[in-house]
Amino acid sequence: MIARRTPAILAAMALALLLFYKGGALLPALLGLALFGALALLRPDLALLFVPLTAPLYLIPGALPGLRASAFDLPLHEAALLLALAAAAARWLWARFGPARPARPPRLPLGAWARVFAPHLLFLLAGALGVALAVARGPALIEFRRLVAEPLLFYALARRQLAAEAREHGGRPPALVAALVIGGALAGLLGLLQYAGLDLVPLLGKKQCFAPDGGVCPNVIADGGVRRVLSVYGHPNNLGLFLGRAWPLAAALALPALRAFSGRFTAGDERQQTKGEQGTSLRVSPFALRPSRKARARNGSWLWALGALLCLGGIAVSFSRGAWLGAVAAAVVLALGLMARGGGPRQGARPAAWLLALAGAAVVLAGLALSLRGDVTAGSTPVRLLLWREALGYIARHPLGIGLDQFGVYHDPASGLSLIDPALIGTSEQFAAHPHNLLLDIWLRLGPLGLAAFGWLLWRSLRATLRRPTSALALGVAAATVAALAHGLVDNFYFVSDLAIVFWLLIALSEALER
């Protein structure tokens, strides 16, 4: 009965969050949180869906006015995460100590548990070290909460939820992936509307603006004669960063709907064994790349395709060259995944034809990037090089890193710690908060331990996807991860709220593939 009420519960949760978000006073905001928490007690799995769904809105937070002199800002995804966590903890305590105590599930031996979660614990340790090394402890503690502790809590809940979905629903696409894609599609749609001249983002609230003059954050900017949209973000590149992780998952899950990829294979390509009271049976997984027509309709593959197109549209109008680079990298992974399964637009399609088409698409994208945003030796490229050189100087001085959210502190010419190039002083890059490279950023914030933790997690994630060559979900996770790595070479990779949530969702999905 509760399962049948899922749409109604989701709608009620959305209305409760809306009451918190737009209530305008302390009492309505608290009432909205209370209603959402009560519903989360009923269905904590549905409450967790609002974390990836609302993560793009971290710059337009809700507020609890009246709790202190200035309003207490609380982003929607944080509110949803904390209430989902509280609900899951309450249900666990009731099941553990309540009157009806179910049989305890078998526990992993300590050694096996340590092997499974060693990189996660290493990441947590690196985060603690990042707080200890910080010269400005306040920002470091805030970043530890938002980008280390809370994403790890989300990962723990997501891992548990994915395991439960696998037991109850077989091979359905995970609901958390659907929530992520919907969030990305809505952000992309808002960006496309902005580009067309209709800006709906102010209806959501006021962005937290980081402009040096403290002015109103624009939603469309002119850069080198090109109009670039920001959607709900503070910069077009941030829009591209998030959408670049969402669209490959949607595209991979949409591929089975294409008639060109449905001719030779069925869902029977990938089977999972399940055991029950009736013995051992075979369950067909609709995550195979080419399920039957009935399975395609059941999985809503065309909705995945629509989500991917909206995300790609948002990337296009962001005019972020890093996001375009990531999109090409993701497309390469998707094409290679299809080629590995012998896919092609016709029965006799050759890999060479696929590679030729892919190379043509890459040339077109490169031509657009160069013609619309100038050549790669101009624009932001010289600035990136100066920031990288500065970051390497800090690493030479502080081999263990400088701590969480400390680059802006050191970068400030007035700090007495700065190695900033004089050419950046007086420009907007004087206020840069990170060095625009994933390796340098991780090392500065988390030190060598953080680099080891990220490398370990990414290696295990990509290894898990390679072991499931017929899984559309595995292909999407691999493509999204590669896109994030490609874009992260010239921009942010992890240290923003929405990117941290997506990173740990991808890790949880890759681990679910191995179970």
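Reading the values: rules and limits
Residues numbered from 1 in each chain as written. Predicted model: local features only at pLDDT ≥ 70, side-chain atom pairs only at ≥ 80, totals over all residues. Heavy atoms only, no water. Helix = DSSP H or I, 4+ residues; strand = E, 2+ residues; numbered from the N terminus. Buried < 20%, exposed > 50% of the residue type's maximum accessible area, 1.4 Å probe, protein only. Contact = heavy atoms within 4.5 Å. Areas by Shrake-Rupley, 256 points an atom, 1.4 Å probe, with all protein chains shown as cover. Axes fitted to C-alpha atoms, helices over the stretch in contact; angles between N-to-C directions. Parallel < 35°, antiparallel > 145°, perpendicular 65-115°, else oblique. Left-handed = near helix turned anticlockwise from the far one by under 90°. Nonpolar A, V, L, I, M, F, W, Y, C, P; charged D, E, K, R; others polar. pLDDT = per-residue confidence, 0-100. Salt bridge = Lys/Arg side-chain N within 4 Å of Asp/Glu carboxyl O. Phe/Tyr/Trp six-rings, centres within 6.5 Å; stacked < 30°, edge-to-face > 60°.

**Q** How should I be thinking about the overall build of the chain in this particular structure?
**A** When helices and strands are tallied, the chain shows 17 helices and six strands. Each of the 515 residues in the chain was classed as buried or not, and the buried ones make up 49%. Relative to all contacts within the chain whose residues are 6 or more apart in sequence, the contacts with residues 24 or more apart total 75%. When the accessible surface of the chain is totalled, it reaches about 23,900 Å², and 68% of it is carbon and sulfur.

**Q** It is not clear to me how the packing of helix 2 (residues 26-42) against helix 4 (residues 76-97) should be interpreted in this structure. Could you clarify?
**A** Two numbers describe a pair of packed helices, the interaxial angle and the distance between the axes. In contact at an axis separation of 8 Å, helix 2 and helix 4 are set at 45° when each is read in the N-to-C sense. Relative to helix 4, the element helix 2 is oriented oblique. Of the two possible hands of crossing, helix 2 and helix 4 adopt the one that is right-handed. Contacts between helix 2 and helix 4 involve Leu 33, Phe 36, Gly 37, Ala 40, Leu 41 and Leu 42 from the first element and Ala 79, Ala 80, Leu 83, Ala 87, Ala 90 and Arg 91 from the second. Across the contact of helix 2 with helix 4, the residue classes break down as ten nonpolar, one polar and one charged.

**Q** Explanation requested: the confidence of the model for the chain in the structure shown.
**A** Low-confidence regions, as indicated by low pLDDT, have predicted coordinates that should not be scrutinised in detail. Within the chain, residue pLDDT values average 83, and 79% of them lie at 70 or more. At the low end of the mean pLDDT range in the chain sits strand 6 (residues 279-284), at 38; at the high end sits helix 3 (residues 44-54), at 97. Below pLDDT 50 for its whole length, residues 259-292 participates in 88 contacts with residues either more than four positions away or in separate chains. Note on residues 343-350: pLDDT under 50 across the span, and twelve contacts to partners over four residues away in sequence or across chains.

**Q** Please clarify how the packing of helix 16 (residues 472-488) against helix 17 (residues 497-514) should be interpreted in this entry.
**A** Interhelical geometry of helix 16 versus helix 17 gives an angle of 145° and a closest axis separation of 10 Å. Considering only the axes of helix 16 and helix 17, their crossing is left-handed. Here helix 16 contributes Leu 473, Ala 474, Val 477, Ala 480 and Thr 481 to the contact with helix 17, which in turn contributes Leu 506, Leu 509, Ser 510 and Leu 513. Here the contact of helix 16 with helix 17 is composed, by residue class, of seven nonpolar, two polar and no charged.

**Q** It is not clear to me how the pattern of salt bridges should be interpreted in this structure. Could you clarify?
**A** Pairing between side chains becomes possible if they bear opposite charge and their charged atoms approach one another. If you walk through the whole model with that rule in mind, you get ten salt bridges. Between Asp 45 and Arg 43 there is a salt bridge whose closest N-O contact spans 2.8 Å. For Arg 43, a relative accessible area of 14% gives the class buried. Notably, a salt bridge pairs Arg 445 with Asp 441, separated by 2.7 Å at the nearest N-O pair. Of this pair, Arg 445 and Asp 441 both sit in helix 15 (residues 438-466), four residues apart, which is roughly one turn of the helix. Linked by salt bridges that have partners in common, Glu 78, Arg 145, Arg 146 and Glu 150 make up one network.

**Q** Where do I start with the packing of aromatic side chains in this structure?
**A** Between two aromatic rings, the relevant description is the distance of the centres plus the angle of the planes. What the rule picks out here adds up to 19 aromatic pairs. An angle of 40° between the planes, with centres 6.4 Å apart, marks the rings of Tyr 233 and Phe 242 as tilted. For the residue pair Tyr 233 and Phe 242, the accessibility class agrees, reading buried in each case. Ring geometry for Phe 493 against Phe 503: centres 6.0 Å apart, planes inclined by 70°, an arrangement best described as edge-to-face.

**Q** What is the right way to look at the environment of Gly 24 in this model?
**A** The residue Gly 24 is located in the loop between helix 1 (6-22) and helix 2 in this model. With a relative accessible area of 70%, Gly 24 lands in the exposed category. Residues Gly 24 and Gly 62 lie 38 residues apart in sequence; the distance between their C-alpha atoms is 9.3 Å.

**Q** Before we go on, may I ask you to explain helix 3 in this structure?
**A** Along an α-helix, residues three or four positions apart point the same way, because every turn accommodates 3.6 residues. When you tally the buried positions in helix 3, you get nine out of eleven residues, the bulk of the element. Turning to helix 3, its buried residues number three or more, namely Pro 44, Leu 46, Ala 47, Leu 48, Leu 49, Phe 50, Val 51, Pro 52 and Thr 54.

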